[in-house]
Amino acid sequence: MGPLAGIAAGMAACADRAWFLVLPCDCPFVSPAFMRNLINRIATAPPNTKVITPRIQEGFFEPMHTLYSRKLLPTVEKMLAAGERRVFDLFTPSWTVEVSQAAVHDWDPALRSFTNINTPEQLAAAEKELATEKAREKGEVVGNFVNKIGIN
C-alpha cells in the first residue's frame, strides 16, 4: 500500500501526537540539525498548516523528509479508501509550508540527510565515507591531545 499507508498507520498508532516526522529508512545520514530545524518550523507555521516539507531540487518536494499534521488523517484515510496512493497529493498549497533548499543547506551543507543507500555499491561507498570520517575524527582527537600536553 506504500508510504501513504505507512503515514496513516503511524498517525493512527500515535493518537496523542499532533505532528509526525516521516523519514526514509534508506537514508541513514539524516542530521539532527535538519530534524531539529524542520520541527522548529511548526512554531512559526500558519494555523492551517498540515505539511512542512523541504524542496531540495527545483520543483520537487521531499515527501519522505516531511512533517505531517494529524489533521491530515481523515484526508489520508479517504485517499486510501479510494485507492489513491500518491503522497504528493497531500501537498496542497493552502496548507503546505515549503522549506527552501537554501535553508536546508544551512542545516545540512552537504545534504547528507538525503543520501539514499539502495544498492551494495552505495552501501560500500557510505561505509568508506564513514571510515574516513572516523579516521579524521580520531586524528583530530589525537592531534588535540598532543597539542594540549605539549608534545612536538
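Our structure's up above, just so we're on the same page.
Residues numbered from 1 in each chain as written. Predicted model: local features only at pLDDT ≥ 70, side-chain atom pairs only at ≥ 80, totals over all residues. Heavy atoms only, no water.

A. Seen up close, the packing of helix α1 (residues 3-13) against helix α3 (residues 73-81). Contact pair α1 / α3: the axes reach a minimum separation of 10 Å and the direction vectors enclose 135 degrees. Between α1 and α3, the angle is such that the two are oblique. Crossing hand, α1 versus α3: left-handed. Residues Leu-4, Ala-5, Ala-8 and Met-11 of α1 pack against Leu-73, Val-76, Met-79 and Leu-80 of α3. Looking at side-chain class alone, the contact of α1 with α3 contains eight nonpolar, no polar and no charged residues. (Axes fitted to C-alpha atoms, helices over the stretch in contact; angles between N-to-C directions. Helix = DSSP H or I, 4+ residues; strand = E, 2+ residues; numbered from the N terminus. Parallel < 35°, antiparallel > 145°, perpendicular 65-115°, else oblique. Left-handed = near helix turned anticlockwise from the far one by under 90°. Contact = heavy atoms within 4.5 Å. Nonpolar A, V, L, I, M, F, W, Y, C, P; charged D, E, K, R; others polar.)

B. Molecular detail of the nonpolar core. Core analysis: the largest hydrophobic core is formed by 19 residues, its most contacted members being Tyr-68, Leu-72 and Leu-90. With five residues, α1 is the largest single contributor of residues to this core. When near neighbours in sequence (up to four residues on either side) are disregarded, Tyr-68 contacts Ile-7, Met-11, Ala-18, Trp-19, Phe-20, Val-22, Lys-50, Val-51, Pro-63, Val-87, Leu-90 and Phe-91. If you look at the next biggest cluster of nonpolar residues, it comprises 16 residues, including Ile-52, Ile-56, Ala-103 and Trp-107. (Core = buried A, V, L, I, M, F, W, Y, C linked by side-chain atoms within 4.5 Å. Buried < 20%, exposed > 50% of the residue type's maximum accessible area, 1.4 Å probe, protein only.)

C. Up close: the packing of aromatic side chains. In total, this model carries five aromatic pairs according to the counting rule given. Seen in terms of ring centroids, Phe-34 and Phe-114 are 5.4 Å apart; in terms of plane orientation they differ by 80 degrees. Their pairing is edge-to-face. Linking Phe-34 in helix α2 (residues 32-44) with Phe-114 in the loop between α4 (101-107) and α5 (120-149), this pair joins segments that are 80 residues apart in sequence. On the accessibility criterion, Phe-34 (0% relative accessible area) is buried. (Phe/Tyr/Trp six-rings, centres within 6.5 Å; stacked < 30°, edge-to-face > 60°.)

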